[in-house]
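Okay, here's what each chain looks like letter by letter:
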Amino acid sequence: MVDSRAGGGAPTVLRVVLGRRLQHLREKAGLSYEEAGRALDVTHATIRRMEKAEVGLKVPYVEKLLHTYGLEEEGEVEEFLGLARQANRPGWWHRYRDVLPEWFSAFVSLESESRVIRAYEPHYVPGLLQTENYARAVLRSGMPHAPEEEIQRQVALRMERQTVLTREEPPLLWVVVDETVLRRPIGGEEVMREQIDYLAEVSARPNVQLQIMPFSAGPHPAMYGPFHLFRFPIVELPDVACAESLVGAVYFDHGDDVSTFLEALDRMCAQAAPLSRTEAILSGMRKEI
């Protein structure tokens, strides 16, 4: 399980990758945490936290470890150190740290670096597919006492997250939303019409696949709540599943745990309306509003 409460800010995906590479080099060299720690005159816990991306990668520490682990090729060392410097730079979402909880900072990091994002959402339109007015209505209902400035910052963050779908080489976004999502009035009729129109527009993109789970499908494997699955273009990184709650999120990267989420989602995709029906369903719901 991934700890979303790690200190030093949510790690970038690159920092996670470099931590895993340091672990591989240490194990290949046959050194324990304690032995690696003695090379830096630090505790074994510091080495463990570096490998788990729970702390930033201090470049002098990394360079000393690389030599301790037997990596002497100057070009390889410089490349690794360059990546370490890059990994320590804050992600774009750092600008929103005033309104971004630590647990969600980790979520945005994963979202930003994914090759494939899959999700099930039973309550509202996923953040990456929300219009600005719908997002504002959702945030206001969830944060009834927040000042308007904070709501505006949250909306701005949500809109900037969506640029991941239009960047060069965007991820595949494949989501299943419950029919309830499209029938629950959020923000009024005008907001819902705008949102459904936008879903019809964005689902026509080649990297967006939207399926709707109709009431008629009956019970399905994920009725307990929403979740996301992230897959990355880097072989060192396993798939990560994220299950949210009112006060945070739990991240899973153990193979058996992730497989449980993946199997549930695959079964749901088979039960949900086929992709070819999405446009017709949205059109029908649009006429009902």
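Residues numbered from 1 in each chain as written. Predicted model: local features only at pLDDT ≥ 70, side-chain atom pairs only at ≥ 80, totals over all residues. Heavy atoms only, no water.

**Regarding the pattern of salt bridges**
- Applying the stated rule across the entire model yields 14 salt bridges.
- Taking the shortest distance from any N to any O, the salt bridge between Glu111 and Arg161 comes out at 2.8 Å. Of this pair, Glu111 sits in helix α6 (residues 102-113) while Arg161 sits in helix α8 (residues 148-161), and the two are 50 residues apart along the sequence.
- A single network of salt bridges, built from pairs that share partners, joins Glu179, Arg183 and Glu288. (Salt bridge = Lys/Arg side-chain N within 4 Å of Asp/Glu carboxyl O. Helix = DSSP H or I, 4+ residues; strand = E, 2+ residues; numbered from the N terminus.)

**Some details on the environment of Arg140**
- Looking at the secondary structure, you find Arg140 in helix α7 (residues 132-142).
- The spatial distance from the C-alpha of Arg140 to the C-alpha of Glu150 is 9.9 Å, given a sequence separation of ten residues.
- The residues touching Arg140, leaving out its near neighbours within four places in the chain, are His145, Ala146, Pro147, Glu148 and Ile151. (Contact = heavy atoms within 4.5 Å.)

**Topic: the packing of aromatic side chains**
- Summed over the entire model, instances satisfying the criterion amount to eight aromatic pairs.
- Pairing Trp92 with Tyr96 gives two aromatic rings, centres 6.3 Å apart and planes at 85°, and the pair type is edge-to-face.
- Residue classification places Trp92 among the partly exposed positions, given a relative accessible area of 25%.
- One aromatic cluster is present, formed by Trp103, Phe104, Phe107 and Phe230 through successive ring pairs.
- Just above the ring of Tyr33 sits the side chain of Arg26; from NZ or CZ to the centre is 4.0 Å. (Phe/Tyr/Trp six-rings, centres within 6.5 Å; stacked < 30°, edge-to-face > 60°. Buried < 20%, exposed > 50% of the residue type's maximum accessible area, 1.4 Å probe, protein only. Lys NZ or Arg CZ within 6 Å of the ring centre and 35° of its normal.)

**Remarks on the sheet that holds strand β6 (residues 248-252)**
- Pairing within the open sheet is mixed, and its six strands lie in the order β3-β2-β1-β4-β5-β6. Edge positions in the sheet fall to β3 (208-213) and β6, since each of these pairs with one other strand and no more. Looking at each pair of strands side by side, their axes are set apart by 15° on average, direction ignored.
- As paired elements, strand β1 (residues 116-121) and strand β4 (residues 227-231) share five bridges and run antiparallel to each other. Across the sheet, the residue bridging to Arg118 is Leu229, located in β4. (Pairing = 2+ DSSP bridges. Axes fitted to C-alpha atoms, helices over the stretch in contact; angles between N-to-C directions.)

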